[in-house]
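Here is what each chain is made of, one letter per residue.
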Amino acid sequence: MSERKNDDFISYELQEFKLFEPLFKWARKKSLWIVAFCTGCGGIEMPPLATARYDFERFGIMPNPAPRMGDLFLITGYVTPKTLKRIIITYEMMQDPKYILIHGSCPINGGVYWDSYNVVKQFDKYLPVDVAIAGCMPRAEAVMDGIMEIMRKIESGEADGWKRYRENYEYYRKNQDELFGEGWREKDARRWLAWI
């Protein structure tokens, strides 16, 4: 009998917790910490976002180099396989919920490097993308608009790339292994152990 009461209490507590979910989503939306991987020419669009004209800090957005404290991952420019390894490891270090915004044509379809052997053509085969901004390079206004879109998706619950990564982990892992070869994580982990 006491076990039944305990289950009812837990169920009631979970229902009670769901009442605060809109508040949590609003708080997540208003306190994005950016981990930026400026892999190419897109990095030049980041400093204008912090200047007086756009001032992303007024939206609660803050650049942060530590992946364990970041929740918005910006991939800005072309991605090579060697860099993609570091991006995947950094993404997996980030706490849930986490969101990815890619900007520039290069991570979407290879951009001007579409025929290069050493550029990743479809970033979303390896990690889930919440918002992609096309252009070569998108201006600071477009990047700010993409960040506002992420904020809208967070509040509505549509920004669920981190859930998709967990649910479809085998798919992403298979694509990563096809590109890097089996056991690449273990080989790379030896180099990263000092940093983890």
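Up top is the structure these notes are about.
Asker: Help me out: how do you make sense of the overall build of the chain in this one?
Answerer: Counting secondary structure elements, the chain contains nine helices and five strands. For the chain, the α and β elements follow one another from N to C terminus as α-α-β-α-β-β-α-β-α-β-α-α-α-α. For the chain, with 196 residues in total, the buried portion stands at 42%. Considering only residue pairs separated by 6 or more positions, the chain has 78% of its internal contacts joining residues 24 or more positions apart. Carbon and sulfur atoms make up 56% of the accessible area of the chain, which amounts to about 11,400 Å² in all.

Asker: Would you explain unusual backbone geometry in this entry?
Answerer: Where the residue is not glycine, phi is negative for most of them; where a peptide bond is considered, it is trans in most cases. Here Asp96 and Pro97 are connected by a cis peptide whose omega angle stands at -5°. On the secondary structure map, Pro97 appears in the loop between α4 (81-93) and β4 (99-103). Looking along the chain, the bond that leaves Cys136 and enters Met137 is cis, with omega of -20°.

Asker: Hey, could you run me through the pattern of salt bridges in this one?
Answerer: Should the charged atoms of two oppositely charged side chains come close, the side chains can pair. Scanning the model with the defined rule gives nine salt bridges in all. Across the pair Glu178 and Lys174 runs a salt bridge whose closest N-O atoms are separated by 3.5 Å. Taken together, the positions of Glu178 and Lys174, both in helix α8 (residues 169-180) and four residues apart, correspond to about one turn of that helix. Relative accessible area serves as the criterion here: at 58%, Glu178 is assigned to the exposed category.

Asker: It is not clear to me how the environment of Thr76 should be interpreted in this structure. Could you clarify?
Answerer: For Thr76, a relative accessible area of 0% corresponds to the buried category. Note: C-alpha distance between Thr76 and Gly42 (34 residues apart in sequence) is 4.4 Å. Thr76 has contacts with Phe37, Cys38, Thr39, Gly40, Cys41, Gly42, Gly43, Met46 and His103, leaving out every residue within four places of it along the chain.

Asker: Help me understand the packing of aromatic side chains, please; the structure alone is not making it clear to me.
Answerer: Aromatic rings in a pair are described by how distant their centres are and how their planes are angled relative to each other. The final tally for this structure, using the stated rule, is four aromatic pairs. When the centroid spacing of 5.3 Å and the interplanar angle of 90° are considered together, the rings of Tyr91 and Tyr165 count as edge-to-face. A residue pair is termed long-range when its members are at least 10 positions apart, and Tyr91 in helix α4 and Tyr165 in helix α7 (residues 161-167) qualify at 74 residues. Taking 5.5 Å as the distance between ring centres and 90° as the angle between the ring planes, the aromatic pair formed by Tyr165 and Tyr169 counts as edge-to-face. Taking the ring centre of Tyr91 as reference, the NZ or CZ of Lys98 above it sits at 4.4 Å.

Asker: Got a minute to help me understand the sheet that holds strand β1 (residues 33-37) in this structure?
Answerer: With parallel pairing, the five strands of this open sheet are ordered in space as β2-β1-β3-β4-β5. On the outer flanks of this sheet lie β2 (62-63) and β5 (131-133), each paired with one strand and no other. Where β1 and strand β3 (residues 72-76) come together, four bridges link them in parallel fashion. Each bridged residue has a counterpart across the sheet, and for Ile34 the counterpart in β3 is Leu72. Along the sheet, α4 makes contact with β1, β3 and β4, crossing β1 at roughly 165°.

The rules behind each value
- Residues numbered from 1 in each chain as written.
- Predicted model: local features only at pLDDT ≥ 70, side-chain atom pairs only at ≥ 80, totals over all residues.
- Heavy atoms only, no water.
- Helix = DSSP H or I, 4+ residues; strand = E, 2+ residues; numbered from the N terminus.
- Buried < 20%, exposed > 50% of the residue type's maximum accessible area, 1.4 Å probe, protein only.
- Contact = heavy atoms within 4.5 Å.
- Areas by Shrake-Rupley, 256 points an atom, 1.4 Å probe, with all protein chains shown as cover.
- Salt bridge = Lys/Arg side-chain N within 4 Å of Asp/Glu carboxyl O.
- Phe/Tyr/Trp six-rings, centres within 6.5 Å; stacked < 30°, edge-to-face > 60°.
- Lys NZ or Arg CZ within 6 Å of the ring centre and 35° of its normal.
- Pairing = 2+ DSSP bridges.
- Axes fitted to C-alpha atoms, helices over the stretch in contact; angles between N-to-C directions.

No statement about biological role is implied by the geometric values presented.
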